[in-house]
Amino acid sequence: MRSVLRTFAAACCALLMLIGLNVGTAQAATVEVKLGTDAGMLAFEPSTVTIKSGDTVKFINNKLAPHNAVFEGHDEYSHGDLAFNPGESWEETFTEAGTFDYYCEPHRGAGMVGKVVVE
Ligand SMILES: [Cu+2]
């Protein structure tokens, strides 16, 4: 009986370690989005990113500044301040699942729009 208990305890330990490892590998990721494409287009690159809840999107000023990113109906994800300098960046962490459309205010008419899909 004692050996059965010991086996059971060992199995529990192994299970806990596996759970611990899983938590370790499920670390939040950061995905980068360029403002203005490398080719010199008024667009976000990539224009659609798919991430997991808890992941972060890092917006990096690239070309044809200034840019910003406004999420309609989601002030918490919006960055209204215009970025003028190349390399200027900011980060937004998405904690709720859904599809979030955004645009660059000064370049909305030129079609500078993007989408963040949070799974
Ligand atoms: Cu822009």
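Predicted, not measured: the structure shown is a model, and the values here were computed from it.

A.B. asks: Would you mind going over the overall build of the protein chain with me for this structure?
C.D. replies: On a plain count of helices and strands, the protein chain comes out with 1 helix and 9 strands. Mapped from its N terminus to its C terminus, the protein chain presents α and β elements in the order α-β-β-β-β-β-β-β-β-β. By the burial criterion, 28% of the 119 residues in the protein chain qualify as buried. Counting only carbon and sulfur atoms, one obtains 58% of the accessible surface of the protein chain, whose full area is about 7300 Å².

A.B. asks: I'm lost on the pairing of strand β8 (residues 98-103) in this one. Help?
C.D. replies: Consecutive residues of a regular strand have side chains that alternate between opposite faces of the sheet. Taken together, the 2 bridges between strand β5 (residues 67-71) and β8 define a ladder with antiparallel strand orientation. Within β8, the residue paired with V70 across the bridge is Y103. Bridge count between β8 and strand β9 (residues 113-118): 6 bridges; the pairing is antiparallel. By the bridge assignment, Y103 is partnered in β9 with V113.

A.B. asks: Where do I start with the nonpolar core in this structure?
C.D. replies: Burial of nonpolar side chains together is a common tendency in soluble globular proteins. Core analysis: the largest hydrophobic core is formed by 19 residues, its most contacted members being V57, F59, F71, F94, Y102 and V116. When residues of this core are traced back to their parent elements, those giving at least two are β1 (30-35), β3 (48-51), β4 (56-61), β5, β8 and β9. Contacts of F59, omitting those with residues within four sequence positions, involve V33, L35, A69, F71, E88, S89, W90, E92 and Y102.

A.B. asks: Would you explain the coordination of the copper ion in this entry?
C.D. replies: Put simply, a metal with four donors set out as a tetrahedron has ideal angles of 109.5 degrees, and one with six donors set out as an octahedron has ideal angles of 90 or 180 degrees. Around the copper ion, the protein contributes the donor atoms H67 (ND1), C104 (SG), H107 (ND1) and M112 (SD), at 1.9 to 2.7 Å from the metal centre. With 4 donor atoms in place around the copper ion and angles of 93 to 129° between them, the coordination shape is tetrahedral. All donors of the copper ion belong to a single chain; written as a sequence motif, their spacing is H-x36-C-x2-H-x4-M.

A.B. asks: Mind showing me how you'd approach the environment of Y77 here?
C.D. replies: Here Y77 lies in the loop between β5 and β6 (79-83). Taking C-alpha positions, Y77 is 9.2 Å from F100, a pair spaced 23 residues apart along the chain. For Y77, the residues in contact, after removing those within four places along its chain, are F71, E92, T93, F94, T95, E96 and F100.

A.B. asks: Looking at this structure, how should I read the side chain of E92?
C.D. replies: Here E92 shows up in strand β7 (residues 89-93). This buried residue, E92, is left without a salt bridge; K58 holds the nearest opposite charge, at 13 Å. Beyond its immediate chain neighbours, meaning those up to four positions away, E92 contacts D55, T56, V57, F59, E76, Y77, S78 and H79.

Procedures and definitions
Residues numbered from 1 in each chain as written. Predicted model: local features only at pLDDT ≥ 70, side-chain atom pairs only at ≥ 80, totals over all residues. Heavy atoms only, no water. Helix = DSSP H or I, 4+ residues; strand = E, 2+ residues; numbered from the N terminus. Buried < 20%, exposed > 50% of the residue type's maximum accessible area, 1.4 Å probe, protein only. Areas by Shrake-Rupley, 256 points an atom, 1.4 Å probe, with all protein chains shown as cover. Pairing = 2+ DSSP bridges. Core = buried A, V, L, I, M, F, W, Y, C linked by side-chain atoms within 4.5 Å. Contact = heavy atoms within 4.5 Å. Donors = N, O, S within 2.8 Å, 3.2 Å for Na, K, Ca; no water. Tetrahedral: all angles 85-135°; square planar, octahedral: opposite > 155°, others 65-115°. Lys, Arg positive; Asp, Glu negative; His and termini not counted. Salt bridge = Lys/Arg side-chain N within 4 Å of Asp/Glu carboxyl O.

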